[in-house]
Amino acid sequence: MSISRRHMLLLLPAAAVAWKHVLAGTPESAPNYTMSQHWWGMLIDVTKCIGCGNCVRGCQAENDVPDGYFRTWVERYHVTDYDIENPHVDSPDGGIKGFPPTKEEGGKNFFVPKLCNECADSPCTQVCPVGATFISPDGVVLIDKKYCLGCRYCVQACPYGCRFINPASNTAEKCTLCYHRITKGLTTACCESCPTGARQLADLKNPNDPIHEFLKSHSVQVLKPYMATHAKVFYNGLDGSVR
Amino acid sequence: MNAFKDSEHLLRLAAVFVVGILVFLVIRGFLVPKSFGEYGHYRGDAISDIAARPVNFAGHETCEGCHSDVLDKKKDGKHAHVNCEACHGPQAKHADDPATIQPPKLDTAVLCVKCHEANAAKPKSFPQVASADHSSGMACNTCHQPHSPAISGETK
Amino acid sequence: MVPCDEQCNNRCDGRYGECFDARRRLVRDMSGVEGFMYPNEVELQWSVLIVLYPFLTGLVAGAFILASLERVFQVQAVKPTYRLALLTALAFLLVAPLPLQLHLGHPERSYEMYLTPHKTSAMAMFGFVYLWYLMAVLVLEIWLDYRHDIVVLSQSTTGWKRFIYRLMTLGSSNISPGALAVDDRVGWTVTLIGIPSAFLLHGYVGFIFGSIKANPWWSSPLMPVVFIFSAMVSGIAAVMLLYMLMTWSRKETIDMRCVDTVASYLFYIFIIDFSLEMLDLIHRIYEADESFRSLDFMVHTKLYMSHIVVQIILGTVTPILLLALTQVLRLGEMARKRIYALAGCLTLIGIFAMRWNVVIGGQLFSKSFLGYTTYKMSLITREGLLVAIVLTVLPLAILWVLVKLLPPWPEKHSGALPDATPAH
């Protein structure tokens, strides 16, 4: 293939339109993106997760996540028989290097990937004193690094432990659902890296998004539903023992 | 008259407060970012700031634009839905400048076990092996072609 | 997880990669984590400075309530502590924002809370409650009560002191009986408004914690109420101690009627505070919701010293019993003074421990209820122990300056106002 044909082919896919903006690094989003047409969430299929840690590594590579902090992580559960209320859970380095062999082979073992739940009624945005964290019109909870005071109130208010303070910028940080990617027609880094399709980006306002059919035909849950955060990360096959 | 004289100091204090509030409002007018409140109680420009971040993963559609031959090999095999960068890592820089920036050659001896090493917590239906017993140290691509991993002669 | 380093005499199974030898783990695991915590939870978010902050604002609210006892409720016995209580409140209120500023990731952006306060955020609204309380209540009341003395001092002193006093008069030198009567009436109204304002000031701090549904150690409607009453206890104890100390250092006689009355108020409010805390505890134990096992274990292990021993036994039960002794028995003056001093000190320690147990305790356990972490308090960093000590002592230094500038007591012998010449 000659160079010019390669460039021609690059222009064809829809994402290539956005690719020019990607390369140019221009502050505006891709031209064919309107915030009000999207309402982002994610679908996680626990029955497919193999705990490889690709998502954690991919997120770190995409978003420069500092060592020891996690925008997404994977937990491993061991549940003996009927004792749902006392699972044994571990997440060595957030699962970034995968998991060592599972010692207890009796009972039930599985992996649960976790990330910011992009709550529609998020307690974290409620408590921010200055408006540095907010939910965008397209449903992604974001943090304005230039405005954040680093008071850590939002970190305290998140029931899921998905927020942290970035030691380099001294501001709050968390999963942004790869906002800089999804606004350009790409999927998130974690979904791109996931080899089994356990993680799928979902656009709830898109009538053609497979999530609608999936939600209708499967039993799904959200984490900590009693917190009434209106989380938009849906879990298929989530066990009752999951914290 | 007398009452006014006796409360005059209070009026002075009130004046100090009023001036203070006015000065605050003027300063506020200068300091609040212009795009604040555009979409909600936050700086509207923050959205475009965040969206402007450069990407590191090209996305499989971009890879397939050039590497359609690999796509053909993959599409009927078990790795059909495994995206390119799941194994090859973030390659946006390579997609940007394919001639100059080449992705490193992957070592299947350490790469494949990240997914396929046997672990009791993995779904039972997922293909997994105890690598020490399965290949006794040989690199996986000795027998398996990563883009279409089924060994020829066997059913997929 | 502690990885296996193959040093453990076969207790570790290298195949699993994880160390299961308890002793080896203790030596090698510096993380301080037991059980499971969400990965981002291991490091504590709020440090000892955030423990100090409710302690300081509590002293402010408590001192002001004591002052209001005399002004609004006409409890004449406590009049000797009136001005001191106001100055104490001011000294602590001025220092209160400092621990907050020091703990922020970007203190230079803290003004944003006044420019674009988020109306759903208790922390943002608190900025205005603080400002209101400082300017429209405390400073106003102090100014109105001291205005006569300020005007006199602005005419009798010289040099830079004269300049300061003249500034404080705002250019008005009217201290006629009519003007002073106006001051008195307005001051009474300010104190009246000040009482709910003081409750708001510290109740808000309680609400900042109590409204966090993610944290079951904090989330409770009782939290603001408990904070208010423990604030009153600490404020009253602080003013009582300061009054006794300063009177002794001035070589004056302590007004026992005053101190007895203050101590009795301390006793009654302490009983209410203790009842509220016991109510919270009993309620938790009885309902035993999903967080209970984890919290119960935490109180019995990680928080045993600070909660059971320091806060409850030494800091609450002991002072209550000591004060009860003075209420029930007829004790001599010396004995009562000693008991008040001891009870006061124990009270302050106990209320600080209470703030510690709320703030630090609320971050030691995982929101998964499956693990615990450790608070590693540093010594000389921006949020370390040294800074906390300095910030605790600083209000006392400011109080010393305020007492010099605005003396709370007239000179006993001359009956006239103290003049401007610096003492000692």
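Described below are features of the structure shown in this document. (Residues numbered from 1 in each chain as written. Chains lettered and ligands numbered in written order. Predicted model: local features only at pLDDT ≥ 70, side-chain atom pairs only at ≥ 80, totals over all residues. Heavy atoms only, no water.)

Things to note about the overall build of chain B
- In terms of helices and strands, chain B carries 9 helices and 0 strands.
- Taken against the 2.2 N^0.38 rule, which gives 15 Å for 156 residues, the C-alpha radius of gyration of chain B at 33 Å runs more than 25% over that of a compact globule.
- Across its three principal directions, the C-alpha atoms of chain B cover 110 × 40 × 25 Å.
- Burial status across chain B gives 29% buried among its 156 residues.
- Contacts in chain B between residues far apart in sequence, at least 24 positions, make up 44% of those at least 6 positions apart.
- Summed over its atoms, the accessible surface of chain B is roughly 9600 Å², and 62% of this surface lies on carbon and sulfur atoms.
- Averaging the positions of the 16 positive and the 17 negative side-chain charges in chain B gives two centres separated by 5 Å. (Helix = DSSP H or I, 4+ residues; strand = E, 2+ residues; numbered from the N terminus. Rg over C-alpha atoms; globule rule 2.2 N^0.38 Å. Buried < 20%, exposed > 50% of the residue type's maximum accessible area, 1.4 Å probe, protein only. Contact = heavy atoms within 4.5 Å. Areas by Shrake-Rupley, 256 points an atom, 1.4 Å probe, with all protein chains shown as cover. Lys, Arg positive; Asp, Glu negative; His and termini not counted. Charge placed at Lys NZ, Arg CZ, Asp CG, Glu CD.)

Thoughts on the interface of chain A and chain B
- Of the residues lining the interface, 57 residues belong to chain A; the matching set on chain B comes to 44 residues.
- Regarding the contact of chain A and chain B, the summed buried area is about 4100 Å², with carbon and sulfur atoms giving 61% of it.
- Across the pair Arg43 of chain B and Asp144 of chain A runs a salt bridge whose closest N-O atoms are separated by 2.6 Å.
- Residue contributions to the side of chain A that touches chain B peak at 6 residues, all from helix α3 (residues 54–63) of chain A.
- The class makeup of the residues in the side of chain A that touches chain B is 31 nonpolar, 14 polar and 12 charged. (Buried area = accessible area lost by both parts, 1.4 Å probe. Salt bridge = Lys/Arg side-chain N within 4 Å of Asp/Glu carboxyl O. Nonpolar A, V, L, I, M, F, W, Y, C, P; charged D, E, K, R; others polar.)

Let's talk about the sheet that holds strand β2 (residues 72–79) of chain A
Residue and element names in this part refer to chain A.
- Strand order across the open sheet formed by 3 strands is β3-β2-β4, with antiparallel pairing between neighbours. Single-partner strands in this sheet number two, and they are β3 (88–90) and β4 (108–115). On average, adjacent strands in this sheet sit at an angle of 25° to one another, irrespective of strand direction.
- Where β2 meets β3, 3 bridges bridge the pair, whose relative direction is antiparallel. (Pairing = 2+ DSSP bridges. Axes fitted to C-alpha atoms, helices over the stretch in contact; angles between N-to-C directions.)

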